[in-house]
Amino acid sequence: MTETTDRLTECRDPVLRVVPAPADINSNGHIFGGWVLAQMDIAGGIVASREVQGPCATVAIEAMQFLAPILLRDIISVYAEVERVGRTSIAIRLDVIATRDRGEQEVRVTSGLFTFVALDDNHRPRPIERETRLA
Ligand SMILES: CC(C)(COP(=O)(O)OP(=O)(O)OC[C@H]1O[C@@H](n2cnc3c(N)ncnc32)[C@H](O)[C@@H]1OP(=O)(O)O)[C@@H](O)C(=O)NCCC(=O)NCCS
């Protein structure tokens, strides 16, 4: 286990844990990058909506890194940390840890910075409440 995975798994709870299915495997025997990206987007959306107290949309994905393959039978855990709260947007760092060999191994497999925008009823950017921005 690396220092990074130690910090992630010991200090915080994951936003979600999920197990990939055989249909999520590519021809290399690894899990599709698009599948893990979708899990990160779902987890980030949960945290963003909670933080901005309403609906939000993904506007950008930056610094996305595929660090190690995800294998069938891995359990993946998505960890989130709010990095920045702007006027209408919120940037969330998402890290994914794969647990394998019945918990013997933990591997950081992906990382990325996802930006979400708070939306009003017309699907346009909505200012985030000041209390949230200062929290
Ligand atoms: C999200 C959306 C409503 C934003 O509309 P917009 O006219 O681009 O809004 P703005 O230019 O006013 O930008 C809104 C915020 O997003 C930020 N933003 C816009 N583009 C960005 C980018 N590429 N990277 C990071 N932040 C970005 C702006 O800095 C601004 O943040 P701030 O208010 O905290 O300073 C619009 O782009 C949209 O509907 N996109 C599609 C969303 C979607 O379907 N996502 C996938 C499914 S959820």
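By the naming in an unreviewed UniProt entry, the protein is Acyl-CoA thioesterase, taken from Blastomonas fulva. Entered under Sequence similarities (unreviewed entry) in the UniProt record, the comment concerning the protein runs "Belongs to the acyl coenzyme A hydrolase family."

Moving on, we get to the pairing of strand S4 (residues 89-100). With twelve of twelve residues buried, S4 lies mostly within the body of the structure. Side chains of S4 alternate between two faces, with Ser 89, Ala 91, Arg 93, Asp 95, Ile 97 and Thr 99 and Ile 90, Ile 92, Leu 94, Val 96, Ala 98 and Arg 100 buried alike. The pairing of strand S3 (residues 75-85) with S4 spans ten bridges and is antiparallel. Along S4, the bridge assignment pairs Ser 77 with Ile 97. Taking the residues between adjacent antiparallel strands as the criterion, S3 and S4 are bridged by three residues. The pairing of S4 with strand S5 (residues 105-118) spans twelve bridges and is classified as antiparallel. Of the residues in S5, the one forming a bridge with Arg 93 is Leu 113. Counted between consecutive antiparallel strands, the loop separating S4 from S5 contains four residues, among which Asp 101 sits at a positive phi close to 50 degrees.

With that out of the way, let us pick up the environment of Ile 76. As for its placement among the helices and strands, Ile 76 is situated in strand S3. A relative accessible area of 0% means that Ile 76 is categorised as buried. Along the sequence, Ile 76 and Val 96 sit 20 residues apart, while their C-alpha atoms lie 6.5 Å from each other.

Turning to the nonpolar core, a few remarks are in order. In terms of nonpolar packing, the biggest core is built from 25 residues, with Val 36, Ile 76, Val 78, Ile 92, Leu 94, Val 96 and Phe 116 touching the most fellow members. Elements represented by at least two residues in this core include exactly helix H2 (33-52), S3, S4 and S5. It is H2 that contributes the most residues to this core, seven residues altogether.

Below, the discussion takes up the sheet that holds S4. Spatial strand order, S1-S3-S4-S5-S2: five strands in an open sheet with antiparallel pairing. Looking at the sheet topology across the chains shown, the edges are occupied by strand S1 (16-18) and strand S2 (56-66). The mean inter-strand angle of the sheet, taken between neighbouring strand axes irrespective of direction, is 25 degrees. Lying on the sheet, H2 is in contact with S1, S2, S3, S4 and S5; it crosses S5 at an angle near 50 degrees.

Bringing the site of the ligand into the picture now. Around the ligand sit 14 residues, and of these Thr 58, Arg 87, Thr 88, Ser 89 and Arg 124 come closest. Contacts to the ligand include Thr 88, whose side-chain N or O atom sits 2.6 Å from an oxygen atom. A distance of 2.7 Å separates an oxygen atom of the ligand from a polar side-chain atom of Ser 89. Its free accessible area being 970 Å², the ligand has 48% of it covered by the protein chains. Contributions of two or more residues to the shell around the ligand are made by S2 and S5. Its residues placed into classes, the shell around the ligand shows six nonpolar, six polar and two charged.

Conventions and cut-offs
- Residues numbered from 1 in each chain as written.
- Predicted model: local features only at pLDDT ≥ 70, side-chain atom pairs only at ≥ 80, totals over all residues.
- Heavy atoms only, no water.
- UniProt positions renumbered as here; feature names shortened; annotations may be inferred.
- Buried < 20%, exposed > 50% of the residue type's maximum accessible area, 1.4 Å probe, protein only.
- Helix = DSSP H or I, 4+ residues; strand = E, 2+ residues; numbered from the N terminus.
- Pairing = 2+ DSSP bridges.
- Core = buried A, V, L, I, M, F, W, Y, C linked by side-chain atoms within 4.5 Å.
- Axes fitted to C-alpha atoms, helices over the stretch in contact; angles between N-to-C directions.
- Contact = heavy atoms within 4.5 Å.
- Near = heavy atom within 4 Å.
- Polar contact = N/O pair within 3.5 Å; in protein donor to acceptor, adjacent residues only side chain to side chain.
- Areas by Shrake-Rupley, 256 points an atom, 1.4 Å probe, with all protein chains shown as cover.
- Nonpolar A, V, L, I, M, F, W, Y, C, P; charged D, E, K, R; others polar.

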